[in-house]
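As a plain string of letters, each chain reads:
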Amino acid sequence: MYQKPLIIERTKDYAKFDCGCTIKRELRTDYFGNINYYDLPLCDKVWELFDLGLTKGIFQLESYLGCHWGKELQVRSIQDLSDLISAIRPGMLDSKMADGKNMTWHFSERKNKREYVTYMDDCLEPILKPTQGIIVYQEQILKIARDIAGFSLLEANSLRKSIGKKLVSEMAKTESLFIDGCKRTGKISEGNAKLLFENIRASQRYLFVKAHAVGYALLSYSTAWTKAHFPDLFITANLRDAENRIEPTKEMSEIIKEMQSFGLEIQGPRLTDSADEFSLKGSRITFGLANIKGLGIAKSQRIREKIGEGRNWFNILIDGLAEVDSVTSERLCLSGYFSELGISRQRAHFEYLTVRKLSPFELTWIKSNRTRLNDLRGTLSLMVTLYPSEKTVARKDRLIVLQDLLKSLNNPQHSLDDTPVSIHRDEVKYLGVGVTYSSLGSRGALGNTTAKEFNDGKSGKLTIAAEIKRVKEIKTKKGDLMAFLSCQDETAELKSTIVFPGEYEKYAGFLFEGNTVLIGGERSSNGKDLIVKKVTQV
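These numbers come from a predicted model, not from an experiment.

S.K.: Could you clarify how one ought to interpret the overall build of the protein chain in this entry?
M.R.: Summing up its helical and strand segments, the protein chain has 23 helices and twelve strands in all. Since a compact globule built from 538 residues should have a radius of gyration of about 24 Å, the 31 Å found for the protein chain marks it as more spread out than a globular shape. Oriented by its inertia axes, the alpha-carbon framework of the protein chain measures out at about 115 × 65 × 45 Å. When the 538 residues of the protein chain are sorted by exposure, 47% land in the buried category. Taking as baseline every contact in the protein chain between residues at least 6 positions apart, the subset at least 24 positions apart corresponds to 57%. When the accessible surface of the protein chain is split by element, carbon and sulfur atoms take 51% of a total near 26,200 Å².

Have a look at this one:
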C-alpha cells in the first residue's frame, strides 16, 4: 500500500514533507493553498506511483498503457517521463523490429538491461544512444537526415514536416532523396539506408517533437507530484471530474478501485454525511447527493430542503418523501441514502410505495396525529382500529385499501431484507458502481488467493476469483491465439494475466469483459505476471 508523505513543518510561506520536499505556498486552506507547479522538487514518492502502477488521473499516463509501461520503464526523471509518453504513442507501438516485437517493448528491455543496445549502423550511435538505439523523437530524424543523408536544414525540415503532418505522398518523394544522400555521404550502406528510411516511415504515425514531449512530461510530473503528496484530495477531485469524461461510469469505477492502494475508503450517499458532490472526511470519500444518477446539483439541493437531515425514518417518509417524485424517491431509497436510519433499502422503498397509495385526507390525519405514531405499520393498524370512532379515512371503502396495505406490510410478497446481491445490483444501477460489495461480494471465498496477495508476492498454485475487465487477444509467430487479461477482485487489480495458446483454446469461451471466473495459475518466471492454467465459470 502506498504511504503518502507527511507534512512535518508548515508556515505561511512554505510546507516541508518527511520525504524531503519543501514547497513555497500561500496559506489559503488547511491543506496546501497555492502551489507553484513550475518549481516542484523531484521526489522519490512520485516515482513510486509509477512503480506501483498508480497512474490514474496523471496527465497522459492514466490509461492501461501508461500504467503498464510506467512500471516497466522505471521512471526516475523528467526525461524518463518524456520517453514514456513518447513510447506509448502509435509510432513506437506500431513500429516493429525483425523479431516482430514493437519498438516500445525493445525500448523497455534495453532500458532495463535485459537486451543489448544495438544499432543498425555505428554512425547512428551518437544520435540514438540517449534513447536506447531507437528513434523516439522527430528531432532525431532531423539529425539523421542532416548527419547521415547530408540534407540541408531546409531539406531536413521538409522531412520533419512530412512526418509531423503525416504527409505520405511527400514522404515517398523524400525517400529517394534520402537514399541518394546516404550514398553521397558514404556513412551507411544503401541496404541499411533503405531499412533506416523504412523505420522512419513507420514512425511517421506519431513521433513526438521532443519539446512537446518534455512539456507533456512536466504536466505529468505536476499531476503525479500532487497525487503523491495529497492523494486523498487528488482522488476526491478526480471523482468529481469523472462525470465530464467520455465514459463516466468506467472512469469512476477505475478511480474507486485504485483508492484501496492509498488506504482510502469509499462510502455511498448518506442522509447525514453527504455534501452535494463527493466529499472527503479523514480517509473516507462519500458520494454526494448529486452523484446519485439522475439528480444533479440543483435537484439535490431541492431534495435536501424537502427532506432535511432528520434521523427519524417515519418523519422523513411522511413529511419529506411524500413531497418527492417516485423516480427520485426510488433512487434515494435503493442507493442507500437512508441506510443509517436502521431501515433496509428494500423496506424503505416498499414503505414509500405504500405511502404513495394513501389519500391526501389520510396523510393529513397522520400528520395531525404525529405525536402518537412511530412507524408506518403501527400507523395503518391504528387507523383501521380507530375507525369509525375517529375519522381516519374520508370514506368507509378506504378501510379496505388500508387493510390491504397493512397486510402487504406484514406479509410482503418478496423479502424486504437487503442482500449483497441486491445492494450491489442497486448501487450499480443508481450510483454507477458497486460500493458496498463487488460483483464477487456474495459469492464467498472461492479461491485461495486474492489479487492483493498476488500483487504482494504470494506464489505457488494459486486460484483467484476475479472479474475480467480487459481482454487483449494477439497472435503468436505460429499464428496461434493467446490473450492478456486485466482482472480484479474486491482487493486489487491484476493488470498482467497471461493466457497462452493451449489454455486460450480451452477457455476462450469464458474470457470476455465483465465475466466473473475462477482463475487457476502460477506466477511467471519474471515474478510479475499470472500465468493461467485453468479457468472455471463462477
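S.K.: Explanation requested: unusual backbone geometry in the structure shown.
M.R.: Following Tyr-387, the chain continues to Pro-388 via a peptide bond in cis, the omega torsion being 10 degrees. Mapped onto the elements, Pro-388 comes out in the loop between helix H19 (376–386) and helix H20 (398–410). Positive phi is not limited to glycine here, since Gln-60 has a value of about 75 degrees. Tracing the backbone shows Gln-60 in the loop between helix H1 (44–52) and helix H2 (64–72). On the basis of relative accessible area, Gln-60 is assigned to the partly exposed category, the value being 28%. For Gln-74, which is not glycine, the phi dihedral falls at a positive 50 degrees. With respect to the element layout, Gln-74 can be found in the loop between H2 and helix H3 (78–87).

S.K.: Can you help me understand the packing of H19 against H20 in this one?
M.R.: Two elements in contact, H19 and H20, have axes whose closest approach is 9 Å; the angle formed by their N-to-C orientations is 150 degrees. Considering only the axes of H19 and H20, their crossing is left-handed. Contact with H19, carried on its side by Leu-376, Arg-377, Leu-380, Ser-381, Met-383 and Val-384, involves Leu-399, Leu-402, Gln-403, Leu-405, Leu-406, Leu-409 and Asn-410 of H20 and no other residues of that element. Class assignment for the residues of the contact of H19 with H20 results in nine nonpolar, three polar and one charged.

S.K.: Would you take a moment to explain the sheet that holds strand S9 (residues 481–488) for this structure?
M.R.: In sheet architecture, strand pairing relies on hydrogen bonds along the backbone and comes in two forms, parallel and antiparallel. Here we have five strands rolled up into a closed barrel, ordered S8-S9-S10-S12-S11, and mixed in their pairing. Recorded for the sheet is a direction-independent mean angle of 55 degrees between the axes of neighbouring strands. For strand S8 (residues 462–475) and S9, the ladder comprises eight bridges, and the chain directions are antiparallel. When the sheet's bridge partners are listed, Arg-470 is paired in S9 with Ser-486.

S.K.: What exactly am I supposed to notice about the side chain of Asp-529 here?
M.R.: Tracing the sequence through the fold places Asp-529 in the loop between strand S11 (516–523) and strand S12 (530–537). Here Asp-529 is buried and forms no salt bridge, its nearest opposite-charge partner Lys-528 lying at an N-O distance of 7.7 Å. Among the polar contacts made by the side chain of Asp-529, one reaches the side chain of Ser-496 at a distance of 2.4 Å. Reaching out from Asp-529, the side chain makes a polar contact with the side chain of Asn-526 at a distance of 3.3 Å. Ignoring any residue separated from it by four or fewer positions in sequence, one finds Asp-529 in contact with Phe-454, Ser-496, Ile-498, Glu-522, Arg-523 and Ser-524.

S.K.: Mind showing me how you'd approach the environment of His-424 here?
M.R.: Mapped onto the fold, His-424 is located in helix H21 (residues 420–431). On the basis of relative accessible area, His-424 is assigned to the buried category, the value being 19%. C-alpha of His-424 to C-alpha of Asn-374: the two residues are 50 residues apart in sequence and 30 Å apart in space.

S.K.: Sorry if this is basic, but what is going on with helix H15 (residues 313–320) here?
M.R.: With six of its eight residues buried, H15 lies for the most part within the structure. Those residues of H15 that fall on the buried side of the exposure criterion are Trp-313, Phe-314, Ile-316, Leu-317, Ile-318 and Gly-320. Packed against the buried residues of H15 are helix H14 (297–307), helix H16 (326–334), helix H17 (345–355), helix H18 (360–368) and H19. By the N-cap criterion, in which a side-chain oxygen at the helix start approaches the backbone nitrogen of a residue two or three places on, H15 is capped by Asn-312, the distance to Phe-314 being 3.0 Å.

Rules of the game
Residues numbered from 1 in each chain as written. Predicted model: local features only at pLDDT ≥ 70, side-chain atom pairs only at ≥ 80, totals over all residues. Heavy atoms only, no water. Helix = DSSP H or I, 4+ residues; strand = E, 2+ residues; numbered from the N terminus. Rg over C-alpha atoms; globule rule 2.2 N^0.38 Å. Buried < 20%, exposed > 50% of the residue type's maximum accessible area, 1.4 Å probe, protein only. Contact = heavy atoms within 4.5 Å. Areas by Shrake-Rupley, 256 points an atom, 1.4 Å probe, with all protein chains shown as cover. Axes fitted to C-alpha atoms, helices over the stretch in contact; angles between N-to-C directions. Left-handed = near helix turned anticlockwise from the far one by under 90°. Nonpolar A, V, L, I, M, F, W, Y, C, P; charged D, E, K, R; others polar. Pairing = 2+ DSSP bridges. Lys, Arg positive; Asp, Glu negative; His and termini not counted. Salt bridge = Lys/Arg side-chain N within 4 Å of Asp/Glu carboxyl O. Polar contact = N/O pair within 3.5 Å; in protein donor to acceptor, adjacent residues only side chain to side chain.

Just geometry here; none of it tells us what the structure is for.
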